[in-house]
Amino acid sequence: MSQNVKLEDLIPVPTGILRINNLFLDRQINRKSIELSLIIPTYNESKNIEQLIQIIINTLDRIVVNQYELIVVDDNSPDFTWKFAAELSHKYSQVKVIRRESEKGLATATIRGWQAAKGQVLGVIDGDLQHPPHILTRLWQEIEKGADIAIASRNLEGGGVSEWSIARRFLSRGAQMLGLLVLPEVMGRISDPMSGYFMVRRDALLGKTFNPLGYKILVEVMARGNIRWIGEVGYIFQERKTGESKVTHQQYLEYLLHLIRLRLHLWQIDRFIRFGVSGFSGVFINLAVLYFLREFADLGLTRSAIIAAEIAIANNFFWNDRWTFKDISSNQKGIHNRLIRFLKFNLICLSGLILNILLLNILYNLLGINEYIANIIAIAIITFWNYWFNLKLSWRTTDTKK
Ligand code: GDD
Ligand code: MN
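Definitions and limits used
Residues numbered from 1 in each chain as written. Chains lettered and ligands numbered in written order. Predicted model: local features only at pLDDT ≥ 70, side-chain atom pairs only at ≥ 80, totals over all residues. Heavy atoms only, no water. Axes fitted to C-alpha atoms, helices over the stretch in contact; angles between N-to-C directions. Helix = DSSP H or I, 4+ residues; strand = E, 2+ residues; numbered from the N terminus. Parallel < 35°, antiparallel > 145°, perpendicular 65-115°, else oblique. Left-handed = near helix turned anticlockwise from the far one by under 90°. Nonpolar A, V, L, I, M, F, W, Y, C, P; charged D, E, K, R; others polar. Pairing = 2+ DSSP bridges. Contact = heavy atoms within 4.5 Å. Buried < 20%, exposed > 50% of the residue type's maximum accessible area, 1.4 Å probe, protein only. 1 Å grid on protein atoms, 1.4 Å probe; cavity = no way out; pocket = protein on both sides within 12 Å on 5 of 7 lines; lining within 4 Å. Points joined across faces, edges and corners; volume = space filled by probe spheres on them.

Some details on the packing of helix α9 (residues 269–297) against helix α10 (residues 301–324)
At step 1: The interhelical angle for the contact between α9 and α10, taken along N-to-C directions, is 150°, at an axis separation of 8 Å. One element, α9, and the other, α10, form an angle in the roughly antiparallel class. Read as a crossing pair, α9 and α10 show a hand that is right-handed.
At step 2: Of the residues contributing to the contact of α9 with α10, the split by class is 15 nonpolar, 10 polar and three charged.

The structure is reproduced here in structure tokens:
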């Protein structure tokens, strides 16, 4: 290896949040789009990188000639993988290199690569030849058929692992089962959620903010992306010829934490908390209005209570529309839309109120639970009820193709 790698040989590391943008929104010059950007995340793969890149180029030159780029994202490997890759970029203009010095990890490396990419389709392949490059052809075929994502899978016909020990097979299957348990609606859609070899349309990731942890980038893409059509291709996970796997016990812990993070994301826990806070503010508005009407307006109890409840509902709606569901309401602007949301919100709150009275009677009269405790239980259940139906009906994201 000669020492003539210069700073200009490397492309800048994207920074900031991990979001994939529309290509023409990016003001950078020279961002004319191409068909495919394939990321090769590396850590200590200096002995594999040259052979891998040559095989990939031979393969892609047959399917997307002059319409692809290879982006090596190296985390400042002590074996200077990034230097070897930069050398190759002199020889092959489609090869680009990112050298990260502050961030680490396979999943974020992949996303940083995509952020620097020009491709309409974004892919990833391991840098150690364990993912056979000839499968790229079949992945590309799936994309051409119209798939949003094309995944290389070990668990399909023609797929498998070459010489894995019982222990490693067991761990890999265990990880998949755990994933199915925590994220059934995501993991159940694909046969090999652990795969790190796939292509995905940029369109399916546009505007999404990623927050992966550790190794499993596909799980992140499936959970946060807008994936409808899934194409899968069987492949045999090859033995490593040189270098070593970077998987340690820490990756298993990170995987578990990653699953939990995605679970909370899919449940929209943060939104639920905002909904709860908005509802809580309504309690005080309700009490204050009731007090005012009783003391100063001399209205009857029922009428005061109804007016107080409606004002509280309006207050809650205001905060929910402006804050809890801001992302949704800002896409459905106009007074007409807002009125419809307010009407639905009212109806759902009314149904919640009826349910509240019903529950209170069951808990207190039938089950003999202390009335304050009964009330707390009822309020908790109704909060979920109101949240769920408002999420599904009032601030609904209509599932239309953009
Ligand atoms: N940039 C960067 N940063 N690359 C990394 C890092 C990191 O922290 N850690 C690993 N890599 C690179 C490796 O150099 C290699 O190219 C690739 O990511 C995969 O890492 P390995 O350590 O070889 O992983 P593996 O073979 O045990 O695990 C693979 O298991 C799956 C099958 O279940 C995963 O990497 C998946 O991609 C693969 O499909
Ligand atoms: Mn590997």
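Considering the environment of I56
At step 1: Following the sequence through the fold, I56 ends up in helix α1 (residues 49–63).
At step 2: Taking the C-alpha atoms as reference, I56 lies 9.9 Å from I135; in sequence the two are 79 residues apart.

A short note on the sheet that holds strand β5 (residues 119–124)
At step 1: Strand order in the open sheet formed by seven strands is β4-β3-β2-β5-β8-β6-β10, with mixed pairing between adjacent strands. If you trace the sheet from one side to the other, it starts and ends with β4 (95–99) and β10 (230–234), each paired once. Here the strands of the sheet are splayed against their neighbours by 20° on average, with no regard to which way each runs.
At step 2: When strand β6 (residues 149–153) meets strand β8 (residues 198–201), the two strands line up antiparallel, connected through three bridges. Of the residues in β8, the one forming a bridge with A150 is M199.
At step 3: Sheet strands touched by helix α4 (residues 135–145): β2 (34–42), β5, β6, β8 and β10. Its angle to β10, the strand with the most contacts, is close to 160°.

Focus: α10
At step 1: For α10, the complete set of buried residues consists of S304, A308, A312, I313, N315, N316, F317, N320, D321 and T324.
At step 2: Contact partners of the buried residues in α10: α9, α11 (326–329) and α12 (335–366).

Some remarks on the layout of surface pockets
At step 1: In this structure, the second largest pocket occupies an estimated 1200 Å³ of space.
At step 2: Taken together, 35 residues make up the lining of the second largest pocket; nearest its centre are N286, L353, N356, I382 and N386.
At step 3: Contributing elements (two or more residues each) for the lining of the second largest pocket: α9, α10, α12 and α13 (371–394).
At step 4: Ranked by residue count, the leading element in the lining of the second largest pocket is α12, at 13 residues.
At step 5: By residue class, the composition of the lining of the second largest pocket is 20 nonpolar, 14 polar and one charged.

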